[in-house]
Amino acid sequence: MVESLSWDSLDYPLQPWIQTAIEVMGFQAMTAVQASTIPLFARNKDVVVESVTGSGKTIAFVIPLLEKIISEGANSASFKKGHFHSLVITPTRELSNQIQSVINSFLAHYPDDMPPVKSQLLIGTAQKTVRDNVADFLRDRPQLLVGTPGRVLEFLQAPAVKTSSCSMVVLDEADRLLDADFFKDTESILRTLPKQRRTGLFSATISEAGQQIFKTGLRNPVKVSVNSERRGPTSLGLYYTVVRPEQKLQNLISIFNHYKFRKCLVYFPTCMSVTLFYSFLQYLQKEKKVVEQDLQIFSLYGKLQTASRTKTLDTFTETPSQAVLLTTDVAARGIDIQDVDLVIQLDPPTDTSVFLHRAGRTGRANRTGKAVTFLNEGREEDFIPFLKVKDIHLKSIEIKSEDFSLEGDFYDVFKGWILEDRARFDLSVRSYVAFIRYYSNHSASSIFRLQSLDYVGVARMYGLFRLPRMPEITRYFQDVDIKDGWIVQPPIDMDRYAYKDKKRERARLEELKNIEKINDKKKLKFELKKKNMAWSNKSQSKEAKAERKANMTLKRKAIEEQIAREEERENSELSKDWKDEVLSRKRKQMKSTNELQGSFDDL
Ligand SMILES: Nc1ncnc2c1ncn2[C@@H]1O[C@H](COP(=O)(O)OP(=O)(O)OP(=O)(O)O)[C@@H](O)[C@H]1O
């Protein structure tokens, strides 16, 4: 947000109540992206908007949507029941919620004596089924819908919901909505909407979507690219620090204890790692008193129920005291919390574009912020030149190491905490396994290579004392002196290692007894093997099955193709007609998709 322009400089006057809302929100001038986008999107142009995080993209689409609802009479009594005017799709429930709040803060100034304008949230929650959503929709008659792809799709498929009046659609965080995880749903939603509509795609990293952009039904789109030479806002300081994995948690605590910040987001690689480290940090703060006592620690990840996610985010946002939110990429995009002045990435994300989104949770709207990324010593340091090529420049920062007043070293304390309850060990193993999976999925695979990972150091970081038997790492066991996976000596007596939960412990002892009763050596070996089976092996066998199935399908296809080729040779005349038919169908198909897709020549 470097440039700013007066709201009066728009070539048409905004609705008076929208002007009032802007004044009340204290937005004295438009940001660059707003000045470029609002006149286009509100004036019947499709837009593809790329502008850095925190530059005000939300209002750049909310104002045109509200303006068009009024100018196209969607607020009048003649707008038919079961119809809606505009749709905003976002990848997360949190972001949908946030956009809905921005819309409502505008609508709070909408005059009472005008036919009402309403918006409705469509996200998956335990409280509201899609049937409830449809009932609310028919009762309240909102013109503007905001939601996540899964729920929106289900909603649009309800017979009572008519899509034919939808004249505007926005894909916020469009590159995410067009990636492999969401594409099917996004495409299905777009297919249900009229072709004669306005489409807006918004993201700080829209270019990442590549050719997928053209599958959204854009018609003569205009590309708005603000500050495209910079990959992040000027108010955001990007830093990295190089550490050994087992040092990371201590350095994190050191930041909590010694660095000045109001609110901090810490990104962890997986839901399980958030659960594990959240519990352990609580213990260190409450029992061991080595974490700043006034610091409030929260955790948020995708597997939690929506209500609990919303509550956590609200409490974190509203708390006046210093606070930390441990989270995953569920909170990487779009989330706008004013006081966040520090972001920490405990591990770089597997996808580089996510790096900018995570870091961009701070340094928003000209407020200063710092984002620090932890890198493991060694090969991961190549991530810095890798980012430089992408015009992302990080400076090195030294984190003061914490001098803990703990009995024993940090790892021993962690290990001791895990030994108190076998359930913690299970969680730690699962977190570690999930991390190894995560690591092997890095898009920058030449830098983040499993072969170069200090997997023993990582195990210590996760408080483990024995490495799980994962094929991904056991093949490197011979490189270091690891006997049967134990990284502590003497090994822990696993038979006597108990669950704190009585019921769970009884079940474990029962199972142990049953195994002892087995006289048959072969069966015993099988049971023990089953009991100790590596986590990854279990799913590996599922994966192996799926792979075998896929191979069989491929083989079958190859045989069928071979037969078809032979038949084709024999019946060349016959196949000519068939080929023509296929070709003409293909041509027709191409024609219809071309009509749909538009082109980037006009951008
Ligand atoms: N014209 C303006 N003047 C001052 N602040 C503004 C203006 N417009 C928006 N903001 C504020 O800027 C912040 C960031 O806006 P917004 O969340 O829309 O950013 P974004 O570009 O969508 O970021 P991201 O890419 O991270 O989703 C918000 O707190 C918003 O209230």
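Residues numbered from 1 in each chain as written. Predicted model: local features only at pLDDT ≥ 70, side-chain atom pairs only at ≥ 80, totals over all residues. Heavy atoms only, no water.

- An unreviewed UniProt entry lists the protein under the name ATP-dependent RNA helicase, with Torulaspora globosa as the source organism.
- The heading Catalytic activity (unreviewed entry) in the UniProt record of the protein holds the text "ATP + H2O = ADP + phosphate + H(+)".
- In its Function (unreviewed entry) section, UniProt records this for the protein: "RNA helicase." (UniProt positions renumbered as here; feature names shortened; annotations may be inferred.)

1. Comments concerning the overall build of the protein
And step 1. In terms of regular secondary structure, the protein is built from 21 helices and 16 strands.
And step 2. Counting every atom, the protein has about 30200 Å² of accessible surface; 50% of that belongs to carbon and sulfur. (Helix = DSSP H or I, 4+ residues; strand = E, 2+ residues; numbered from the N terminus. Areas by Shrake-Rupley, 256 points an atom, 1.4 Å probe, with all protein chains shown as cover.)

2. Brief notes about the site of the ligand
And step 1. Around the ligand, a shell composed of 20 residues is seen, among which Ala 29, Lys 57, Thr 58, Asp 336 and Arg 364 lie nearest.
And step 2. Within the contact set of the ligand, an oxygen atom lies 2.7 Å away from a side-chain nitrogen or oxygen of Thr 58.
And step 3. One of the side-chain nitrogen or oxygen atoms of Glu 173 is found 3.4 Å away from an oxygen atom of the ligand.
And step 4. Relative to its free-state accessible area of 640 Å², the ligand is covered by the protein chains to the extent of 89%.
And step 5. Breaking the shell around the ligand down by element, the ones donating at least two residues are strand S2 (29-31) and helix H3 (57-71).
And step 6. Broken down by element, the residue count for the shell around the ligand peaks at 3 residues, all from H3.
And step 7. Considered class by class, the residues forming the shell around the ligand number 6 nonpolar, 8 polar and 6 charged.
And step 8. No fewer than three residues from each of domain 1 (7-225) and domain 2 (238-485) sit in the shell around the ligand. (Near = heavy atom within 4 Å. Polar contact = N/O pair within 3.5 Å; in protein donor to acceptor, adjacent residues only side chain to side chain. Nonpolar A, V, L, I, M, F, W, Y, C, P; charged D, E, K, R; others polar. Domains from an automatic or database assignment.)

3. Here we look at unusual backbone geometry
With the exception of glycine, most residues fall at negative phi, and the peptide bonds are largely trans.
And step 1. Cis geometry marks the peptide bond from Gln 489 to Pro 490; its omega dihedral reads -5 degrees.
And step 2. Looking at the secondary structure, you find Pro 490 in the loop between helix H17 (471-474) and helix H18 (502-517).
And step 3. Although it is not a glycine, Ala 365 adopts a positive phi angle of roughly 45 degrees.
And step 4. Mapped onto the elements, Ala 365 comes out in the loop between helix H12 (352-359) and strand S15 (369-376).
And step 5. With a relative accessible area of 32%, Ala 365 lands in the partly exposed category.
And step 6. Despite not being glycine, Asn 366 has its phi angle at roughly 70 degrees, a positive value.
And step 7. Assignment of secondary structure puts Asn 366 in the loop between H12 and S15.
And step 8. By relative accessible area, Asn 366 is classed as partly exposed at 46%. (Buried < 20%, exposed > 50% of the residue type's maximum accessible area, 1.4 Å probe, protein only.)

4. Side note on helix H11 (residues 306-318)
And step 1. Here H11 spans 18 Å end to end across 13 residues, near enough to the 18 Å set by a 1.5 Å rise per residue.
And step 2. Within H11, burial applies to Thr 306, Arg 309, Thr 312, Leu 313 and Phe 316. Taken around the axis of H11, the buried residues stretch over an arc of 130 degrees, which confines them to a single face. Residues of H11 that are exposed and point more than 90 degrees away from the buried face comprise Lys 311 and Glu 318.
And step 3. At its buried positions, H11 is contacted by helix H4 (93-107), strand S11 (263-267), strand S12 (296-300), strand S13 (323-327) and strand S14 (340-345). (Expected span 1.5 Å × (residues − 1). Arc of directions from axis to C-beta. Contact = heavy atoms within 4.5 Å.)

5. Here we look at helix H10 (residues 271-286)
And step 1. The end-to-end C-alpha separation of H10 is 22 Å, in line with the 22 Å expected for 16 residues at 1.5 Å each.
And step 2. Cys 271, Ser 273, Val 274, Leu 276, Phe 277, Phe 280, Leu 281, Gln 282, Tyr 283, Leu 284 and Gln 285 are the residues of H10 that are buried.

6. A closer look at the UniProt feature "short sequence motif: Q motif" (unreviewed entry) in the protein
And step 1. Mapped onto the present numbering, the UniProt feature "short sequence motif: Q motif" (unreviewed entry) falls at residues 7-35.
And step 2. A helix fraction of 48% and a strand fraction of 10% characterise residues 7-35, whose end C-alpha atoms lie 8 Å from each other.

7. Focus: the pairing of strand S6 (residues 144-147)
And step 1. Neither face of S6 is exposed, since Leu 144 and Val 146 on one face and Leu 145 and Gly 147 on the opposite face are all buried.
And step 2. Where strand S4 (residues 86-89) and S6 come together, 4 bridges link them in parallel fashion. The residue of S6 that forms the bridge with Ser 86 is Leu 144.
And step 3. Both strand S5 (residues 119-122) and S6 contribute to a ladder of 4 bridges, which runs parallel. Along S6, the bridge assignment pairs Ser 119 with Leu 144. (Pairing = 2+ DSSP bridges.)

8. Observations concerning the domain arrangement of the protein
And step 1. Considered domain by domain, the protein is made up of domain 1 (7-225) and domain 2 (238-485).
And step 2. Facing the 20 residues of domain 1 at the interface are 20 residues of domain 2.
And step 3. Contact between domain 1 and domain 2 buries roughly 1500 Å² in total, counting both sides, with carbon and sulfur atoms accounting for 50%.
And step 4. The tally of links from domain 1 across to domain 2 stands at 3 salt bridges.
And step 5. Along the contact surface separating domain 1 from domain 2 lie 10 residue pairs in polar contact (both at pLDDT 80 or more).
And step 6. With 5 residues, H4 is the largest single contributor of residues to the side of domain 1 that touches domain 2.
And step 7. The residue inventory of the side of domain 1 that touches domain 2, partitioned by class, reads 4 nonpolar, 10 polar and 6 charged. (Buried area = accessible area lost by both parts, 1.4 Å probe. Salt bridge = Lys/Arg side-chain N within 4 Å of Asp/Glu carboxyl O.)

9. A few points about the pattern of salt bridges
And step 1. Using the criterion set out here, one finds 24 salt bridges in the structure.
And step 2. Two residues, Glu 246 and Arg 244, come together in a salt bridge whose shortest N-O distance is 3.3 Å.
And step 3. A relative accessible area of 22% places Glu 246 in the partly exposed class.
And step 4. Asp 341 is the partner of Arg 262 in a salt bridge, and the nearest nitrogen-oxygen pair spans 3.6 Å. Note that Arg 262 is positioned in the loop between helix H9 (248-258) and S11 and Asp 341 in strand S14, a separation of 79 residues in sequence.
And step 5. Residue class for Arg 262 comes out partly exposed when judged on its relative accessible area of 48%.

10. What about the packing of H10 against helix H15 (residues 422-439)?
And step 1. Where H10 contacts H15, the axes come no closer than 8 Å and their chain directions differ by 140 degrees. It follows that H10 is oblique to H15 by the angle criterion. Note that H10 runs across H15; the crossing there is left-handed. Counting all contacts with H10, which are made through Met 272, Ser 273, Thr 275 and Leu 276, the residues of H15 involved are Arg 424, Leu 427, Ser 428, Arg 430, Ser 431 and Ala 434.
And step 2. Here the residues of the contact of H10 with H15 sort into 4 nonpolar, 4 polar and 2 charged. (Axes fitted to C-alpha atoms, helices over the stretch in contact; angles between N-to-C directions. Parallel < 35°, antiparallel > 145°, perpendicular 65-115°, else oblique. Left-handed = near helix turned anticlockwise from the far one by under 90°.)

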